[in-house]
2 protein chains.
Amino acid sequence: MPVAVDAMGGDSPLSIQLEGAVRAANELGIEVVLVGQETQIKDRLQNMPHSANKVRIVHCEEMVEMHESPSQALRQKKDSSIRVAMDLHKRGEVSAVVSAGNTGAAMATAKFVLKSIPKIDRPAIATLMPSTQRNRPFVILDIGANTDCKPEYLLQFALMGGAYAQTMLNIDNPRVALLNNGEEEGKGNQNLKETYPLLKKSTLNFYGNIEGKLMYQNEVDVVVCDGFVGNITLKVAEGTFDFVKQVLKEEIEKSWVAKLGYLLMKRPFKALKERGDYTEIGGAPLLGVQGTVVICHGSSKPYSIRNAIRHADNCASMKLNDKISSLVLENQNLLLPRKESTPLAAAG
Amino acid sequence: MPVAVDAMGGDSPLSIQLEGAVRAANELGIEVVLVGQETQIKDRLQNMPHSANKVRIVHCEEMVEMHESPSQALRQKKDSSIRVAMDLHKRGEVSAVVSAGNTGAAMATAKFVLKSIPKIDRPAIATLMPSTQRNRPFVILDIGANTDCKPEYLLQFALMGGAYAQTMLNIDNPRVALLNNGEEEGKGNQNLKETYPLLKKSTLNFYGNIEGKLMYQNEVDVVVCDGFVGNITLKVAEGTFDFVKQVLKEEIEKSWVAKLGYLLMKRPFKALKERGDYTEIGGAPLLGVQGTVVICHGSSKPYSIRNAIRHADNCASMKLNDKISSLVLENQNLLLPRKESTPLAAAG
């Protein structure tokens, strides 16, 4: 089944998306459906050689701008590219949706159209971060969808992250940890203190708390946090990486000896860049909706879009959501809404 | 006035502390009071040349272990080195206290013995992080003292951080920002949304929200967050730095060309290490108590203890707390406890 690509989303609508989609079709043989302004898409596709039976177009008139309010877009733009793509997915005409557009709008539309997986209150965005062990990244979620999270939500993130690690990273019994400001039980803010016992009771392979430093050392496979902390974590990591790059560059410029040294060290630096950069996988999945949605940076390059399409195709064909549902089922006693679990309600 | 040093605190009591203190006395001419088991201290000092009038000892029998409960230590160990040091400070016999011991116990004891500065509810720990601009670090607080913070506490941190930047970094009108998951007003969790307008109304030079990536780019001088987020930020930064180091080392090992390159690049790497490492300043001040307390890592080296003693001495002699009090006074209308600010209370 084809993957729908939001052709109008991202910082440069109708260019990067089309190029990435055509590359996915040509290089990976994945069928794509481009959702957007048909004549404009056709026009641009003329300059991109592709096999017509792999690349289809579904027309729509509207698009959601990058800084538009998600709720407003959801209410008012029912013919936007992201909405039409989700509708196609809902009707079973595509296996997944890839968008580099307004993240909030993509999330809100996905939740509204596709609905959440039963017992999942809050879909979350996951991504991979590298560990110092080659080819052993870890999953971190949520990285931005939900800022204020109850303990039950964090448990749901843990279950979804565990399912992702099992299915997509092929890890049998992934080690799941809570990102915290100390290792001992009882550490952290009130929410984390209440989440710890839930994870302990779950069927997950619960590692306990992990600190922001140790998480890089291949100690765990899934790191759970709320979307606020997840965002800070990713941005601080990027910022630190940039700091190292900028300062080294500045210091190297100061002497020809160092410049020569840098030339000789090209290969290790290249390896560092590759090992540090998990955007290679292409996009970040929105876990917990009844469907497959992969979200890309607005500034993604065609190669990232291509990979995100492959990533989405894999999530769908490897039945990631079935794994999430089965982990949720195994742990449903922990996910019961607290208010309803009174003796009376239980008796009813 | 001398600086009290908790001689029993830290991972190796009675060794690093004494060496650091003696170095501060010998190299910087700062008078120190070593608080701890007198005979053991005397015994060890015999092997460390020092001028007797710069190094005094105040005896105590007990010590707080690194993993002891702070509240229990406070209740039960009234003759511990950290307690005796704070008591000396309270009586005005020393200008400051430096401890590498149990951080929680040092904080709890400082708050109990010295009391908070009026209108400061929660003292906070501050530290410096580097920006890409040489010699332009920024202050970040809280980095661990308080995990759950109300908006008023974050405002207090902002005022204390501002005072620190003015006094200790010599910045006239420091740019103060909230660490957040986006730049726009209205971003973040509920707490941050409520903190933003408070900071906007304050007399501080409020920059707005800053993300974890941009904070390195010399955009701001003070970054405000709760202690949980502060801890995650520092640890992720350290972890990312370590990741870079470990991966580069591994990749360099693979070829002699790269090894040679590394040799030629020694100087830029050394500069990177120096520019990235603000532990040089020595310890992290506990801001908001009526006194000067500098907290060091349990694993500090003598050189760090020496610098922490200088740091404490500077905070005291530069009257950092007067600056905090005056900023608090300027903004006291924002710090009024919300419940008390009823017309009745105001009239009373």
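Quick note: structure is the one above.
Residues numbered from 1 in each chain as written. Chains lettered and ligands numbered in written order. Predicted model: local features only at pLDDT ≥ 70, side-chain atom pairs only at ≥ 80, totals over all residues.

With that settled, the discussion passes to the interface of chain B and chain A. Counting residues at the interface gives 48 residues for chain B and 47 residues for chain A. At the level of elements, helix H8 (227–252), helix H9 (256–264) and helix H10 (266–276) of chain B are the ones that each hand at least two residues to the side of chain B that touches chain A. The leading source of residues in the side of chain B that touches chain A is H8(B), at 20 residues. For the side of chain B that touches chain A, the per-class residue count stands at 24 nonpolar, 15 polar and nine charged. (Contact = placed C-beta atoms within 7 Å. Helix = DSSP H or I, 4+ residues; strand = E, 2+ residues; numbered from the N terminus. Nonpolar A, V, L, I, M, F, W, Y, C, P; charged D, E, K, R; others polar.)

This paragraph deals with the sheet that holds strand E11 (residues 293–295) of chain B. Sheets are built from strands that pair by backbone hydrogen bonding, the pairs being arranged parallel or antiparallel. Residues and elements named next belong to chain B. Strand order in the open sheet formed by eleven strands is E3-E2-E1-E4-E11-E10-E5-E6-E9-E7-E8, and the pairing between neighbours is mixed. A strand with exactly one partner marks an edge of an open sheet, and here the two such strands are strand E3 (55–59) and strand E8 (205–210). The sheet shows a mean angle of 25° between the axes of neighbouring strands, taken without regard to direction. Here four bridges tie strand E5 (residues 124–129) to strand E6 (residues 138–141), and the two strands are oriented antiparallel to one another. Within the sheet, the bridge partner assigned to Leu128 lies in E6 and is Val139. Helix-sheet contacts for helix H2 (residues 38–45) involve strand E2 (32–36) and E3, and the interaxial angle to E3 is about 155°. (Pairing = 2+ DSSP bridges. Axes fitted to C-alpha atoms, helices over the stretch in contact; angles between N-to-C directions.)

A pair of packed helices is characterised by two quantities: the angle between their axes and the separation of those axes. Residues and elements named next belong to chain A. Their axes nearest at 9 Å, the elements helix H6 (residues 151–168) and helix H12 (residues 320–330) cross at an angle of 135°. When the axes of H6 and H12 are compared, the pair comes out oblique. Like other packed secondary-structure pairs, H6 and H12 cross with a definite hand, here right-handed. Taking contact as the criterion, the partners of Leu159, Met160, Gly162, Ala163, Tyr164, Gln166, Thr167 and Met168 in H6 are, on H12, Leu320, Lys323, Ile324, Leu327 and Val328. (Parallel < 35°, antiparallel > 145°, perpendicular 65-115°, else oblique. Left-handed = near helix turned anticlockwise from the far one by under 90°.)

Here we take up unusual backbone geometry. Keep in mind that most residues, glycine aside, have a negative phi and that most peptide bonds are trans. Leu141(A) connects to Asp142(A) through a cis peptide bond whose omega is 0°. If you trace the backbone, Asp142(A) turns up in the loop between strand E6 (138–141) and H6. Unlike most non-glycine residues, Leu14(A) shows phi in positive territory, near 70°. Looking at the element boundaries, Leu14(A) is found in the loop between strand E1 (3–6) and helix H1 (16–28). For Lys319(B), which is not glycine, the phi torsion reads 55° and is therefore positive. Among the structural elements, Lys319(B) can be located in the loop between helix H11 (302–317) and helix H12 (320–330).

Under the fitted operation, chain B is carried onto chain A by 0.0 Å of movement along the axis and a turn of 180°, and the coordinates agree to an RMSD of 0.0 Å. Taken together, the turn and the small shift mark the pair as related by a two-fold rotation axis. Among all residues of chain B, the minimum C-alpha distance to the rotation axis is found for Gly261(B), at 1.9 Å. Taken as a fraction of all interface residues of chain B, those also at the interface in chain A reach 98%, which identifies the copy contact as same-surface. (Least-squares fit on C-alpha atoms with pLDDT ≥ 70 in both.)

In this section: the sheet that holds E6(A). Residue and element names in this part refer to chain A. Pairing is mixed across the open sheet formed by eleven strands, whose spatial order is E3-E2-E1-E4-E11-E10-E5-E6-E9-E7-E8. Whereas interior strands pair on both sides, the edge strands pair on one side only; in this sheet they are strand E3 (55–59) and strand E8 (205–210). Neighbouring strand axes in the sheet, compared pairwise and without regard to direction, differ in orientation by 25° on average. In this structure, strand E4 (residues 96–99) lies alongside strand E11 (residues 293–295), joined through three bridges in parallel fashion. The residue bridging Val97 from the neighbouring strand is Val293, located in E11. Those strands touched by helix H5 (residues 103–114) are E4, strand E10 (284–287) and E11, and its axis lies near 170° from that of E11.

This part takes up the packing of helix H8 (residues 227–252) of chain A against H10(B). Between H8(A) and H10(B), the shortest axis-to-axis distance is 9 Å and the interhelical angle comes to 135°. In terms of orientation, H8(A) lies oblique with respect to H10(B). The chirality of how H8(A) crosses H10(B) is right-handed. The segment H8(A) lies against H10(B), with Val244(A), Val247(A), Leu248(A), Glu251(A) and Ile252(A) engaging Pro268(B), Ala271(B), Leu272(B) and Arg275(B).

The next thing to look at is the nonpolar core. Of all hydrophobic cores here, the largest spans 225 residues; its most connected members are Val224(A) and Val224(B). Apart from residues lying up to four places away in sequence, Val224(A) is in contact with Leu141(A), Leu154(A), Phe157(A), Ala158(A), Gly161(A), Val176(A), Ala177(A), Leu178(A) and Leu179(A). (Core = buried A, V, L, I, M, F, W, Y, C linked by C-beta atoms within 7 Å. Buried ≥ 20, exposed ≤ 12 C-beta atoms within 10 Å, placed from the backbone.)

Residue and element names in this part refer to chain A. Note that strand E7 (residues 175–179) and E8 share five bridges and pair parallel. From the neighbouring strand, Leu179 faces E8, where its bridge partner is Ile210. Read as a crossover between parallel neighbours, the route from E7 over helix H7 (residues 190–201) to E8 is right-handed. (Right-handed = clockwise from strand over helix to strand, strands pointing away.)

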